[in-house]
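# Architecture at a glance
Here's the letter readout for the chains.
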Amino acid sequence: MSNSYDVIVAGVGAMGSAACWHLARRGLRVLGLERFDLGHAMGSSHGMTRIIRIAYFEGSHYVPIVQRAHQLWKETGAAAGMKLLHVTGSLDLAPRGSGEVEASLQSCLDHGLEHEVLDGGEIAKRFPGFQLPEGHHALWQPDGGFVASEKAIYAHVGLAQSRGAEIRTNEPMLDWRPTADGGVEVRTERGSYSAGRLVITSGGWIADAVPALAANVATVRQAIGWFTTRRPELYREGAFPVFILTVEEGHFYGFPLYEHPGFKLGGPHFGREPMDPRDDDRTPSPRQVALIRECLKRYLPDAAGEPLTLKGCVYSVTPDEDFIIDAVPGVAQAVFASCCSGHGFKFASAIGEILADLSTEGRSAFDLAPFSLARFAA
Ligand SMILES: Cc1cc2nc3c(=O)[nH]c(=O)nc-3n(C[C@H](O)[C@H](O)[C@H](O)COP(=O)(O)OP(=O)(O)OC[C@H]3O[C@@H](n4cnc5c(N)ncnc54)[C@H](O)[C@@H]3O)c2cc1C
């Protein structure tokens, strides 16, 4: 077997699996290297579901990319024969005047997205699973929903393999270097590989491969849990949307019931606790779990039963909470994407395509300036 490829992808999680597919579908010879096995629970992408919101309080500049991602989740699911995208509608719920609903609304206005602003009475009427404090309002956007996260990785990998990609699990990239011919050499415990291009998508471990990121990426622990519901009919898919909820305890996010008997809630989104992904312990922090349970008890009381499953997960966060998608400084043939600050999964299908564009054409159809590494140098 040859050890030479057009492109090596280091890290086959959300972003890397999508990059493998978009590169392989262009007829390139692709090698994907993964530290663990496929769909493992040590990184950022496990836990069955990830929210996709089109209305984006984090910034209107994300909207064109998430619209492309939405389309690709449909296409990729159809190509793989799997339902990856579930459209449930999305709610941003926050106190009036706190900024979140207003910022989501602005993104809808900027991009002509269908939406409604709901007051407390309207929220209670449409979604009786919530019991919100006085003064909360919401932005409803009907195209939001969730992506089945591990399934998405399996779909991307299966499609990539069908176009000849080689995927090697439990084989981490140990190090890499640019070569004199303008390519790269990658070393693992099993040997070394050469390629014309390198795509680095190693999530929480990315600063090991791209030391220039170390100053601007922190890895933190995030908790998710599934809880016994007293009234599952209120929270079933079709009756209940995905949501982001801002309350005094923090920012939480939840899903309709899906392939698990429990109601899933995660957070607090900004209540982060530093962790080193090299430490194998993924136990969620008792403090975060207590906050999730308090949030359920106060604001979603019919879903506030005993925990059925609790998990911890890694966020890689940047100082401004925006992504970093760029080439390694001084090495144009090595590009990377990660550090998605806890909101990147929904974009993975489009980021895979962006990485393929950057690797093959040196540019993307999207404005990537907001995601450059250079922004931190200013
Ligand atoms: C609890 C939680 C909830 C979230 N909720 C949402 C949400 O609702 N919506 C949303 O859009 N986003 C959400 N996010 C964020 C989103 O899940 C992440 O942005 C996304 O999963 C990151 O994908 P990734 O490919 O960068 O990382 P991963 O999927 O973790 O992939 C990185 C891969 O690289 C591998 N790797 C590491 N080092 C090496 C190496 N040296 N060689 C080879 N392989 C290596 C790892 O094993 C891993 O498989 C959430 C994140 C968490 C943790």
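Residues numbered from 1 in each chain as written. Predicted model: local features only at pLDDT ≥ 70, side-chain atom pairs only at ≥ 80, totals over all residues. Heavy atoms only, no water.

### Some thoughts on the domain arrangement of the chain
Frequently, the measure chosen for interface size is the accessible area that the parts lose on association. Assigned domains within the chain: domain 1 (4-45 + 150-216 + 321-376) and domain 2 (90-142 + 218-317). With centres defined by C-alpha atoms, the gap from domain 1 to domain 2 works out at 30 Å. Contacts between the two partners involve 15 residues from domain 1 and, on the opposite side, 16 residues from domain 2. For domain 1, the biggest contributors to the area lost against domain 2 are Met42, Gly204 and Glu321; these three give 31% of the whole. The interface formed by domain 1 and domain 2 includes 2 salt bridges. Two residues, Arg278 and Asp208, come together in a salt bridge whose shortest N-O distance is 2.9 Å. Counting the contacts that link domain 1 with domain 2 gives 7 residue pairs in polar contact (both at pLDDT 80 or more). Counted by class, the side of domain 1 that touches domain 2 contains 5 nonpolar, 7 polar and 3 charged residues. (Domains from an automatic or database assignment. Contact = heavy atoms within 4.5 Å. Buried area = accessible area lost by both parts, 1.4 Å probe. Salt bridge = Lys/Arg side-chain N within 4 Å of Asp/Glu carboxyl O. Polar contact = N/O pair within 3.5 Å; in protein donor to acceptor, adjacent residues only side chain to side chain. Nonpolar A, V, L, I, M, F, W, Y, C, P; charged D, E, K, R; others polar.)

### Overview of the site of the ligand
Near the ligand, the surroundings consist of 33 residues, among which Glu34, His40, Ser45, Ile51 and Cys313 are the closest. Backbone polar atom of Arg35 to a nitrogen atom of the ligand: 3.1 Å apart, as the coordinates give it. Taking Phe345, its main chain carries an N or O atom lying 3.1 Å from an oxygen atom of the ligand. The protein chains hide 96% of the 1000 Å² of surface that the ligand would expose on its own. Elements that contribute at least two residues to the shell around the ligand include exactly helix H1 (14-24), strand E3 (49-52), strand E13 (218-227) and strand E18 (307-317). For the shell around the ligand, the element with the most residues is E18, which contributes 3 residues. Grouping the constituent residues of the shell around the ligand by class yields 15 nonpolar, 14 polar and 4 charged. Two domains each put at least three residues into the shell around the ligand: domain 1 (4-45 + 150-216 + 321-376) and domain 2 (90-142 + 218-317). (Near = heavy atom within 4 Å. Areas by Shrake-Rupley, 256 points an atom, 1.4 Å probe, with all protein chains shown as cover. Helix = DSSP H or I, 4+ residues; strand = E, 2+ residues; numbered from the N terminus.)

### Regarding the nonpolar core
Of all hydrophobic cores here, the largest spans 55 residues; its most connected members are Leu23, Trp73, Val199, Phe323, Ile325, Phe347 and Ile351. Within the residue set of this core, elements represented by two or more residues are strand E1 (4-10), H1, helix H2 (63-80), helix H3 (100-111), helix H5 (149-162), strand E20 (331-338) and helix H9 (348-361). When residues of this core are sorted by domain, at least three fall in each of domain 1 (4-45 + 150-216 + 321-376) and domain 2 (90-142 + 218-317). Apart from the residues within four sequence positions on either side, Leu23 is in contact with Val7, Val9, Leu28, Val30, Val199, Ala356, Ser359 and Thr360. By size, the runner-up hydrophobic cluster in this structure holds 26 residues, among which are Ile123, Phe227, Tyr235 and Leu245. (Core = buried A, V, L, I, M, F, W, Y, C linked by side-chain atoms within 4.5 Å. Buried < 20%, exposed > 50% of the residue type's maximum accessible area, 1.4 Å probe, protein only.)

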